[in-house]
2 protein chains.
Amino acid sequence: MRPITAIGFDADDTLWQNEQYYRLTEEHFRTLLGEFAEGEHISARLLEAEKRNLSYYGFGIKGFTLSMIETAIEITEGEIPARIIGEILDIGRELLRHPVERLPHVEETLQALNGQYLLVLITKGDLFDQERKLAQSGLGDYFDAVEIVSEKSATTYRRVFSGLADGPERAAMVGNSLKSDIVPAIAAGAYGVFVPHALTWVLEHVEPPTEAPRFRQIDHLGELIGVLDAITAA
Amino acid sequence: MRPITAIGFDADDTLWQNEQYYRLTEEHFRTLLGEFAEGEHISARLLEAEKRNLSYYGFGIKGFTLSMIETAIEITEGEIPARIIGEILDIGRELLRHPVERLPHVEETLQALNGQYLLVLITKGDLFDQERKLAQSGLGDYFDAVEIVSEKSATTYRRVFSGLADGPERAAMVGNSLKSDIVPAIAAGAYGVFVPHALTWVLEHVEPPTEAPRFRQIDHLGELIGVLDAITAA
C-alpha cells in the first residue's frame, strides 16, 4: 500500500509570490503617512490593527486595506486628509491586481505529480482573490480539487483529506507557513513538508516541529518528489 | 426514479435575514454624510461604487465597507473628516456582527427534507462571514455540503450538482435572487424555486423566467415540500 495518496499544497508563497506584494504596499502606506509618523511605528500599529481585526475580517487584502485605513486615522488622531485615505484605497486595489509570479520548480513538480497523487490546493484568504490568482497562475488544471478555507486547523486538514482522499494519515501537506500548513497538518496525522519562503507574515511564525516524525523540510518545490520517494521507499 | 435527489439552498434572505442589515447600515451611512449631500444622491453614488468595485472586491461586507469609504471621499470631494471615515469602519464592523435571524418555516423544512434529499448550501460572499452566519444559524447540521462560491453561474450549478449529486437535471435550487439562484440554475438544467424576499439588492434584479418549465415560485419555505411532492408526482 502506498503510504501517501494525496498531497495538499498551500498557495501564497508556496506556489506563487504573495508576501512581497504586501510588503511593497506597506512601504507605500508608510510613505503616504511619512509626515505623521516613523515607518517602524506605522508598521507596528498596522500589525496591531490587523491582529485586532482578524476576528472580523479574516485573512486577505480587503481586510488589510480596511486595517490600513484604520491605522491611518489612529496614527494621525483623525487628522489624516481624506485624499490620502483615497490613495490607501487605490494601493489596496492595486494589491488585488498584482501579477501572479510562480515560484521556481512549481510547474514541473505539479506536472510530474499530477496523476500520481490526488493534488489539492488548500488556501485561506479572500475567496474571490484566491480564485483570481489561481486562474492567472495557469496551474488550476494540475489540481484535482481546490479548497479555499477560512482557517487552516487540524480539523480543516482532517475534513479535507478524509473527504477527498484516504484520510490525513495517507496525505502530505506542503507549504511555507509552519503555523497554518505544517503544524496543524502534522497534528491531523499527515506529513508536513515545510518549504520556507524568505518573506513570511509575522503572524504565521511559530517554531518548526523538528522532533515530529512526519516533519520534512525542503529548500524549494523541486525537492518535493525526492522527499515523497523517500517516504514511499521507507 | 425520483426526479429530484438534491436541493441547493441560497443562504442570505432565503434562510436568514441579510439585506435588512445592509439597508440599516446604508441608512446610517446616509446620516453620517447628511451635511454633505441628499440621501438619495448618496445611495446612488454608493451603488455606482459597488458596481465599479465588483471586479475587485467581489460580494460581501468588506467590499461594501470599502465602497462606502470611497463614496464618502468622492461625494465630499475629499473634504470628509477622517473621524467620519472611522465611523464608517465601525458600522461596517457592526454589520459583520449582525445577529442571524432565521426566516419563517426554514428549520422545520430543512428538518423534514434532511435525509430525503442531498441538501447543499450554495452561497456567495465573504467566506469568513458566511461561515460565521452558518455557524450562528444553527442550521449547519441539516446540510450535507456547503459551497461558498465567488459567482453563481450556470457553470457553478453544473459543477456543484454534478460533483455532489446526480447532476443539475435531478436537482432544484431554492433562493430569493432570480439573477443568482433561479435563472442560472434553470440554465444549468435544474429546477429553480423562487422564494421572493421583500428586500433584495437591486443588483440582483432580473425578470422572472415564468415561461421556463422548471421555474416554480413559492411565498415562503413552508411551501417547498408541496412543490417537491408535485414534481415527484407528475
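Conventions we followed
Residues numbered from 1 in each chain as written. Chains lettered and ligands numbered in written order. Predicted model: local features only at pLDDT ≥ 70, side-chain atom pairs only at ≥ 80, totals over all residues. Heavy atoms only, no water. 1 Å grid on protein atoms, 1.4 Å probe; cavity = no way out; pocket = protein on both sides within 12 Å on 5 of 7 lines; lining within 4 Å. Points joined across faces, edges and corners; volume = space filled by probe spheres on them. Nonpolar A, V, L, I, M, F, W, Y, C, P; charged D, E, K, R; others polar. Helix = DSSP H or I, 4+ residues; strand = E, 2+ residues; numbered from the N terminus. Expected span 1.5 Å × (residues − 1). Contact = heavy atoms within 4.5 Å. Buried area = accessible area lost by both parts, 1.4 Å probe. Salt bridge = Lys/Arg side-chain N within 4 Å of Asp/Glu carboxyl O. Polar contact = N/O pair within 3.5 Å; in protein donor to acceptor, adjacent residues only side chain to side chain. Core = buried A, V, L, I, M, F, W, Y, C linked by side-chain atoms within 4.5 Å. Buried < 20%, exposed > 50% of the residue type's maximum accessible area, 1.4 Å probe, protein only. Pairing = 2+ DSSP bridges. Axes fitted to C-alpha atoms, helices over the stretch in contact; angles between N-to-C directions. Least-squares fit on C-alpha atoms with pLDDT ≥ 70 in both. Domains from an automatic or database assignment. Parallel < 35°, antiparallel > 145°, perpendicular 65-115°, else oblique. Left-handed = near helix turned anticlockwise from the far one by under 90°.

As for empty space enclosed by the protein
If a probe as big as a water molecule is rolled over the atoms, it shows which places are left empty.
Item 1. Enumeration according to the criterion identifies three cavities of 30 Å³ or more in this entry.
Item 2. There is about 460 Å³ of room inside the largest cavity.
Item 3. Together, 32 residues line the largest cavity, and B:Asp12, B:Asn18, B:Phe59, B:Lys124 and B:Trp201 are the ones closest to its centre.
Item 4. The class makeup of the residues in the lining of the largest cavity is seven nonpolar, 13 polar and twelve charged.
Item 5. Roughly 130 Å³ of internal volume is contained in the second largest cavity.
Item 6. Lining the second largest cavity are 20 residues, with A:Asp126, A:Leu127, B:Gly125, B:Asp126 and B:Leu127 positioned closest to its centre.
Item 7. Breaking the lining of the second largest cavity down by element, the ones donating at least two residues are helix 6 (127-137) of chain A together with helix 6 (127-137) of chain B.
Item 8. Its residues placed into classes, the lining of the second largest cavity shows nine nonpolar, six polar and five charged.

Considerations on helix 1 (residues 19-32) of chain B
Item 1. Taking 1.5 Å as the rise per residue, helix 1 of chain B with 14 residues should run 20 Å; its terminal C-alpha atoms sit 20 Å apart, in good agreement.
Item 2. Of the surrounding elements, those touching the buried residues of helix 1 of chain B are helix 2 (39-57), helix 3 (61-75) and helix 4 (82-95) of chain B.

Regarding the interface of chain B and chain A
Item 1. At the interface, 32 residues of chain B touch 32 residues of chain A.
Item 2. Here chain B meets chain A over a buried area of about 2900 Å², counting both sides, of which 65% is carbon and sulfur.
Item 3. Per-residue buried area on chain B facing chain A is highest for B:Tyr56, B:Arg93 and B:Phe128; these three make up 23% of the total on that side.
Item 4. Taken together, chain B and chain A are joined by four salt bridges.
Item 5. A:Arg93 is paired through a salt bridge with B:Glu70; the nearest N and O atoms lie 2.6 Å apart.
Item 6. Our count for the contact surface shared by chain B and chain A stands at 14 residue pairs in polar contact (both at pLDDT 80 or more).

Some words on the nonpolar core
Item 1. The biggest cluster of nonpolar side chains holds 52 residues, and the ones touching the most others in it are A:Phe29, A:Ile69, A:Ile85, B:Phe29, B:Ile69 and B:Ile85.
Item 2. Counting only elements with at least two residues in this core, the list comes to helix 1 (19-32), helix 2 (39-57), helix 3 (61-75) and helix 4 (82-95) of chain A together with helix 1, helix 2, helix 3 and helix 4 of chain B.
Item 3. With sequence-adjacent residues up to four places away left out, B:Ile69 is seen in contact with A:Leu66, A:Ile69, A:Ile85, A:Leu89, B:Ile85, B:Ile88 and B:Leu89.

A few points about the sheet that holds strand 3 (residues 145-149) of chain A
Residue and element names in this part refer to chain A.
Item 1. If you walk across this open sheet you meet the six strands as 3-2-1-4-5-6, and the pairing is parallel. Because the sheet does not close on itself, it has two edges, and the strands there are strand 3 and strand 6 (215-217). For this sheet the average axis-to-axis angle between neighbouring strands, irrespective of direction, equals 20°.
Item 2. Pairing of strand 4 (residues 171-175) with strand 5 (residues 191-194) involves four bridges; the strand directions are parallel. Counterpart to valine 174 in the pairing with strand 5 is valine 193.
Item 3. Along the sheet face, helix 9 (residues 224-233) touches strand 1 (6-9), strand 4, strand 5 and strand 6 and points at about 155° away from the line of strand 5.

Focus on the pattern of salt bridges
Item 1. The full count for this structure, using the stated rule, is 34 salt bridges over all chains.
Item 2. By sharing partners, the salt bridges in this structure join A:Arg45, A:Arg52, A:Glu70, A:Glu74, B:Asp90 and B:Arg93 into a single network.

Thoughts on the relation of the copies chain B and chain A
Item 1. Mapping chain B onto chain A calls for a screw motion: a turn of 180° about the axis and a shift of 0.0 Å along it, with 0.0 Å RMSD after fitting. The two molecules are tied by a two-fold rotation axis, judged by turn and shift.
Item 2. A symmetric contact is evident, with 100% of the interface residues of chain B recurring at the interface of chain A.

Remarks on the domain arrangement of chain A
Residues and elements named next belong to chain A.
Item 1. Each assigned domain of chain A is listed here: domain 1 (6-17 + 100-233) and domain 2 (19-95).
Item 2. One C-alpha centre belongs to domain 1, the other to domain 2, and the line joining them spans 29 Å.
Item 3. Counting residues at the interface gives 16 residues for domain 1 and 13 residues for domain 2.
Item 4. Of the roughly 1300 Å² buried where domain 1 meets domain 2, counting both sides, 59% is carbon and sulfur surface.

Quick word on the packing of helix 1 of chain B against helix 3 of chain B
All names here are of chain B.
Item 1. For the pair helix 1 and helix 3, the least separation of the axes is 12 Å and the interaxial angle reads 20°. By the criterion of interaxial angle, the relationship of helix 1 to helix 3 is roughly parallel. Between helix 1 and helix 3 lies a crossing whose hand is right-handed. The residues of helix 3 that touch helix 1, namely those facing Tyr22, Thr25 and Phe29, are Ile61, Phe64, Met68, Thr71 and Ala72.
Item 2. For the contact of helix 1 with helix 3, the residue count by class is six nonpolar, two polar and no charged.

A short note on the side chain of B:Glu147
All names here are of chain B.
Item 1. The topology assignment puts glutamate 147 in strand 3 (residues 145-149).
Item 2. Taking relative accessible area as the criterion, glutamate 147 reaches 19% and is therefore assigned buried.
Item 3. With sequence-adjacent residues up to four places away left out, glutamate 147 is seen in contact with Val120, Leu121, Ile122, Thr123, Arg159, Val160 and Leu164.

Remarks on unusual backbone geometry
Item 1. The phi angle at A:Asp13 is positive, at roughly 65°, despite the residue not being glycine.
Item 2. Looking at the secondary structure, you find A:Asp13 in the loop between strand 1 and helix 1.
Item 3. With phi around 50°, B:Glu77 is a residue other than glycine that occupies positive phi space.

As for the layout of surface pockets
Item 1. By volume, the largest pocket is sized at about 1400 Å³.
Item 2. Counting residues per element, the ones that place at least two in the lining of the largest pocket are helix 6, strand 3 and helix 7 (154-164) of chain A together with helix 6, strand 3 and helix 7 (154-164) of chain B.
Item 3. Of the residues contributing to the lining of the largest pocket, the split by class is 18 nonpolar, twelve polar and ten charged.
Item 4. The volume enclosed by the second largest pocket comes to roughly 670 Å³.
Item 5. Lining the second largest pocket are 40 residues, and of these A:Asn18, A:Glu19, A:Tyr22, A:Trp201 and A:Glu204 lie nearest its centre.
Item 6. Of all the elements in the fold, those that place two or more residues in the lining of the second largest pocket are helix 1, helix 2, helix 3, strand 2 (118-124), helix 6 and helix 8 (178-188) of chain A.

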